[in-house]
Amino acid sequence: MDANLDSKTVARNLWQDSMRDGLMEMLLGAYFLLTGICIQADMTALFIVFIAFFPALAKKMKERFTYPRIGYMRFPDRDSNPGRRIVAALLAAGIAVALVTALARSGEWTQTLYKWVPLIPALLLAAGFSFTAQKTGFARHYVMAVFSLVAGFAVPFVDLPGKLDNVALYLFVTGPVFLVWGAAIFVRFMRTYPIRAEETQ
């Protein structure tokens, strides 16, 4: 029994360390903002490039800022690295939006359908943040899950002319919140866990 409890504690500590720096939220917010800008600029294909670019950026930032401060976190095989789950969620959201864009058709019913597209990333984010909250125990992820879902249900009621305008609005609503929140966590992380002088020599 004690060994089981210890393994659960170790697993939770690993998850907490992996999410302690706020990089996930910060990069997710930046990704949403850039994707929203691409939609408004009629360059929707670029967000597929962002999906491929951001995991590499996250890895580099972890190596530069996180690991020197709290060490490298290696997850056991049964509890794989959460970064893969995050990438999978981003890919799912990106593919969903790409499919909707590719299947664009004229008509009033399709315009109504497009207005509700923000529910797709909203549900994915709510599920992802809820899962992460269960693993880490961080209350902020529950808050983000609820916020993502509320925004996903609220945005479709805004009457906008363009087919993807409601999707862009959802990204512009959630993106800055995730970006600022993540940046604040990241700054606090940097101050709380400074690199010791001997480690820089």
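Starting from 1, residues in each chain are numbered consecutively following that chain's sequence as written. Two thresholds apply to this predicted model, a pLDDT of at least 70 for residue-level local features and 80 or more for giving and counting side-chain atom pairs, whereas whole-chain, interface and lining totals are computed over all residues. Where side-chain values are given, they derive from all heavy atoms of the structure, hydrogens and water being excluded.

Student: How should the overall build of the protein chain be read in this particular structure?
Tutor: Scanning the protein chain for helices and strands turns up nine helices and zero strands. Put simply, the protein chain runs from its N terminus to its C terminus through helices and strands in the order α-α-α-α-α-α-α-α-α. Three labels apply to residues, based on accessible area from a 1.4 Å probe with only protein chains included: buried if under 20% of the type maximum, exposed if over 50%, partly exposed otherwise in between. Put simply, the protein chain has 201 residues, and 38% of those count as buried. The contact criterion used is simple: two residues touch if any of their non-hydrogen atoms lie within 4.5 Å. Across the protein chain, every contact between residues at least 6 apart in sequence was considered, and the portion connecting residues at least 24 apart equals 79%. Of the accessible surface of the protein chain, which amounts to about 11,200 Å², a share of 66% is contributed by carbon and sulfur atoms. Under the scheme used here, helices are H or I runs from DSSP no shorter than 4 residues and strands are E runs no shorter than 2 residues, and both carry numbers assigned from the N terminus. The accessible surface values rely on the Shrake-Rupley method and a 1.4 Å probe; as for residues, cover is taken only from the protein chains in view.

Student: Just to check I follow, could you spell out the nonpolar core for this structure?
Tutor: Across soluble globular proteins, you tend to see nonpolar side chains buried next to one another. Counting 33 residues, the largest nonpolar core has Phe 32, Leu 125, Phe 129, Tyr 170 and Phe 178 as its most contacted members. Counting residues per element, the ones that place at least two in this core are helix H1 (2-19), helix H2 (23-40), helix H3 (46-70), helix H6 (119-136), helix H7 (139-154) and helix H8 (165-192). With nine residues, H2 is the largest single contributor of residues to this core. Setting aside residues up to four positions removed in sequence, Phe 129 forms contacts with Met 24, Leu 28, His 141, Met 144, Ala 145, Ser 148 and Phe 178. Side-chain atoms within 4.5 Å link the members of a nonpolar core, which is a set of buried Ala, Val, Leu, Ile, Met, Phe, Trp, Tyr and Cys residues.

Student: Would you mind going over the packing of H6 against H7 with me for this structure?
Tutor: Geometrically, a packed helix pair is captured by the angle between its two axes and the distance between the axes. Lines are fitted to the C-alpha atoms to define the axes, a helix being fitted only along its stretch in contact, and any angle between axes, read from their N-to-C directions, falls within 0 to 180 degrees. Their axes nearest at 8 Å, the elements H6 and H7 cross at an angle of 170°. Judged by the inter-axis angle, H6 sits roughly antiparallel to H7. Residues Leu 119, Ala 122, Leu 123, Leu 125, Ala 126, Phe 129, Ser 130, Thr 132, Ala 133, Gln 134 and Thr 136 of H6 pack against His 141, Tyr 142, Met 144, Ala 145, Ser 148, Leu 149, Gly 152 and Phe 153 of H7. Amino acids outside the nonpolar list (Ala, Val, Leu, Ile, Met, Phe, Trp, Tyr, Cys, Pro) and the charged list (Asp, Glu, Lys, Arg) are all regarded as polar, and Gly is one of them. Across the contact of H6 with H7, the residue classes break down as twelve nonpolar, seven polar and no charged. Working definition: roughly parallel below 35 degrees, roughly antiparallel above 145 degrees, roughly perpendicular at 65 to 115 degrees, and oblique for all remaining angles.

Student: Can you walk me through the pattern of salt bridges in this structure?
Tutor: Pairing of side chains with opposite charge becomes possible as their charged atoms draw close. Within this document, salt bridges are pairs made up of a side-chain nitrogen of Lys or Arg and a carboxyl oxygen of Asp or Glu, the two lying within 4 Å of each other. Applying the stated rule across the entire model yields four salt bridges. For the salt bridge of Asp 17 with Arg 20, the shortest nitrogen-to-oxygen distance reads 2.9 Å. By relative accessible area, which is 24% here, Arg 20 ends up partly exposed. The partner of Asp 159 in a salt bridge is Lys 115, and the shortest N-O contact between them spans 3.3 Å. Within this pair, whereas Asp 159 is found in the loop between H7 and H8, its partner Lys 115 is found in helix H5 (residues 108-115), the two being separated by 44 residues in sequence. Among the residues examined, Asp 159 registers a relative accessible area of 69% and is labelled exposed.

Student: What should I look at first to understand the confidence of the model for the protein chain in this one?
Tutor: Note that predicted coordinates carrying low pLDDT should not be read in detail. How sure the predictor is of each residue is captured by pLDDT, a score from 0 to 100. With 73% of its residues at a pLDDT of at least 70, the protein chain reaches an overall mean of 80. Taken element by element, the predicted model of the protein chain shows its lowest mean pLDDT in helix H9 (residues 197-200) (50) and its highest in H7 (95).

Student: Even after reading the chapter, I still don't get unusual backbone geometry, so can you show me in this structure?
Tutor: A positive phi is found at Asp 42, a non-glycine position, where the angle reads about 60°. One can find Asp 42 in the loop between H2 and H3.

Student: Is there a simple way to think about the environment of Val 167 in this case?
Tutor: Position of Val 167 among the secondary structure elements: in helix H8. Overall, the relative accessible area of 3% leaves Val 167 in the buried class. Spatially, the C-alpha atoms of Val 167 and Gln 40 are 9.8 Å apart, while their sequence positions differ by 127 residues. Val 167 has contacts with Ile 39, Tyr 114, Val 117 and Pro 118, leaving out every residue within four places of it along the chain.

Student: When you look at the packing of aromatic side chains in this model, what are you seeing that I'm missing?
Tutor: We describe a pair of aromatic rings using the distance from one ring centre to the other and the angle between the two ring planes. Here a pair means two rings of Phe, Tyr or Trp (six-membered ring of Trp) with centres within 6.5 Å. Their orientation is stacked below 30 degrees between planes, edge-to-face above 60, and tilted elsewhere. Summed over all chains, the structure comprises ten aromatic pairs. One aromatic cluster is present, built from ring pairs that chain together Tyr 31, Phe 32, Phe 53, Phe 54, Phe 129, Phe 147 and Phe 178.

Student: Help me out: how do you make sense of the environment of Pro 118 in this one?
Tutor: Locating Pro 118 in the fold gives a position in the loop between H5 and H6. Pro 118 sits in the buried class, given a relative accessible area of 1%. Sequence-wise, Pro 118 and Asp 165 are 47 residues apart; in three dimensions their C-alpha atoms are separated by 10.0 Å. Residues contacting Pro 118, with those up to four places away along its chain left out, are Gly 152, Val 155, Asn 166, Val 167 and Tyr 170.

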